[in-house]
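# A closer look at the structure
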Amino acid sequence: MAIHPIDYRYGTPEMRSIWSEEHRFTCLVRAEIALAHAEAEIGMIPADDAKVIEQNALSASLVRAKEIEAEINHDTMAMIKAISEVCGDAGRWIHYGATSNDILDTATGLQLKDAFDTLEKKLVALVTVLLDRAGATKSLVCASRTHGQQGVPTTYGLRFAIWASEVARHIDRLREIRPRVVVGQMTGAVGTMAAMGDHGIEVQAAMMKYLEIGSVDVSSQVIARDRYAEYIFMLANIATTLDKIGIEIRSLQRTEIGEVEEAFGKKQVGSSTMPHKRNPIKSEQVGGLSRIVRAMVEPALLNNTLWDERDLTNSSCERITFPEATILCDHCLKLMTNVLENLVIKEENVRRNLLMLHGINLAESVMIELTRRGMPRQDAHEIIRESSMEALAAGKPLAEILSAKQDVVKYVSAEELVNLLNPDAYIGLAEVQVDNLIRKLVTYCTL
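Criteria and thresholds
For every chain, the first residue of its written sequence is number 1, and the numbers climb from 1 along that sequence. Side-chain atom pairs in this predicted model are given and counted only at pLDDT of 80 or more, local residue features only at pLDDT of at least 70, and totals for whole chains, interfaces and linings cover all residues. Side-chain measures here rest on the full set of heavy atoms in the structure, leaving out hydrogens and waters. UniProt positions are given in the numbering used here, feature names are shortened, and annotations may be inferred rather than shown by experiment. Put simply, DSSP H or I for four residues or longer makes a helix, DSSP E for two residues or longer makes a strand, and each gets a number counted from the N terminus. Per-residue accessibility, obtained with a 1.4 Å probe over protein chains only, is compared with the maximum for each type, and a residue is labelled buried under 20%, exposed over 50%, and partly exposed between these values. In these tables, accessible area is a Shrake-Rupley quantity obtained with a 1.4 Å probe, and a residue counts as shielded only by the protein chains included in the view. His is not counted here, nor are the chain ends, while Lys and Arg score as positive and Asp and Glu score as negative. By convention, charge coordinates are those of NZ in Lys, CZ in Arg, CG in Asp, or CD in Glu. Pairing between strands requires that DSSP locate at least two bridges from one strand to the other. Contact definition: two residues touch when any of their heavy atoms are within 4.5 Å. As used here, the term nonpolar core means buried Ala, Val, Leu, Ile, Met, Phe, Trp, Tyr and Cys residues forming a set that is joined through side-chain atoms within 4.5 Å.

The protein carries the name Adenylosuccinate lyase in an unreviewed UniProt entry, which gives Methanocorpusculum petauri as its organism. The UniProt entry for the protein carries the following text under Subunit (unreviewed entry): "Homotetramer. Residues from neighboring subunits contribute catalytic and substrate-binding residues to each active site." According to the UniProt record, the Sequence similarities (unreviewed entry) comment for the protein is "Belongs to the lyase 1 family. Adenylosuccinate lyase subfamily."

The structure is reproduced here in structure tokens:
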């Protein structure tokens, strides 16, 4: 019976597969195979036995391992016994010189390797969509909002570009931390490698080369969890960016603004009682799930505060934090990419909102020009501030109020005021910035 929503509601098949119990078991077996291969290469165990292990170990059964665990109450030892059973006499070398966490943490490194590959593909897909939308809307002038109030104009292209730039930094972070996170170890009971005599360093290097992941420099039996905390924080950071984008979409989809809308299916239902509703449910789902991902940061940090060489407090915690944080972040990435790819922009409403203040949101433009033509900046600020308040109170265009003030028209004429209060003429270098960013980030659009 499914209990957790990841089992039946959230998550992509590819990421759920990486963190499945079956794949975890496979990674554990692969780590044991790699250990035997490395020890044979160094001359610690017979090469023929290592070959038998390599050929047979993957036929070991998770079901059988669970049967053994029910008897001995130790999951790693149960896995070792299950592998040994299918390897005949060669099974005597399974786990030779290792301790549980050599295999457990190395298996985690293999899972993380797969997770990094999947996450990078999703981030690349997202930045590609954002850059496409930025280019297509770089000239779509719209109202900006600060503190929930309209500011000077911006463009939709610049909005998409700002998000694309942020996602590109996440790709940078992912690539930067990958060598620190995707690692394994073979250091023995408390990290001294004593069980492998003089061969420990060579065995670890050969084992990780076989698995194509990095090696720790030193460990205390467990890989230091600062590495994994950095990974979980990266997921939380990505999820927060997705939440940020979703919040803006939800805000812009409000009935009173109505500038964008999540794609809505022909037979889609918005409400069980209000048939007219078209709700931004995907963006809201991202917002909700991002809270869960962020909540994993503190446990990940606390998993690094173990007693002495190690204890077991991290183990049960990580069985939850790794799959949940990764699967939910991956799910949100796919969801938000779909939202942005199919986002409807209602340009007529964009224009309506841009013009609704009749030039008051262009007050800065006039202030700057008055200062440029000789009026002290603070004087220009005050007269434009007073005029804006007057225009708001009277419900009149700002140009009408300003053209009646001699202190203003002696610097700029009524005709010039019209152009100064034209939103299309006051977007600065928004288009240039979008073009520059697209050129800079185009290499991120391919793996």
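Further notes follow.
With that out of the way, let us pick up the overall build of the protein. Helices and strands together make up the secondary structure of the protein, namely 20 helices and six strands. Along the three orthogonal principal directions, the C-alpha set of the protein runs to about 100 × 55 × 40 Å. The buried share of the protein, reckoned over its 447 residues, is 50%. When the accessible surface of the protein is summed, it comes to about 21,700 Å², and 53% of that surface belongs to carbon and sulfur atoms. Distance from the positive charge centre (49 side chains) to the negative charge centre (61 side chains) of the protein: 7 Å.

Across the seven residues of strand S2 (residues 149-155), five count as buried, placing the element largely inside the fold. When strand S1 (residues 141-146) meets S2, the two strands line up antiparallel, connected through five bridges. Among the inter-strand pairings, Arg145 is bridged to a residue of S2, identified as Gln150. If you look at the hairpin formed by S1 and S2, you'll find two residues sitting between the two strands, and His147 has a positive phi there, around 60 degrees.

A few words on unusual backbone geometry. Positive phi is not limited to glycine here, since Glu212 has a value of about 60 degrees. Inspection of the secondary structure assignment puts Glu212 in the loop between helix H9 (200-211) and strand S4 (214-215). Using a relative accessible area of 60% as the deciding quantity, one classes Glu212 as exposed.

We now examine the side chain of Arg227. Summarising the element assignment, Arg227 is placed in helix H10 (residues 226-252). Leave out the neighbours within four places in its chain, and Arg227 touches Arg180, Val181, Val183 and Val216.

Before going further, it helps to examine the nonpolar core. Core analysis: the biggest nonpolar cluster contains 121 residues, and Met207, Tyr231 and Leu340 have the highest contact counts within it. For this core, the element with the most residues is helix H7 (residues 100-136), which contributes 16 residues. Within the second largest apolar cluster, 19 residues are counted, among which are Ala363, Leu370, Ile384 and Ile401.

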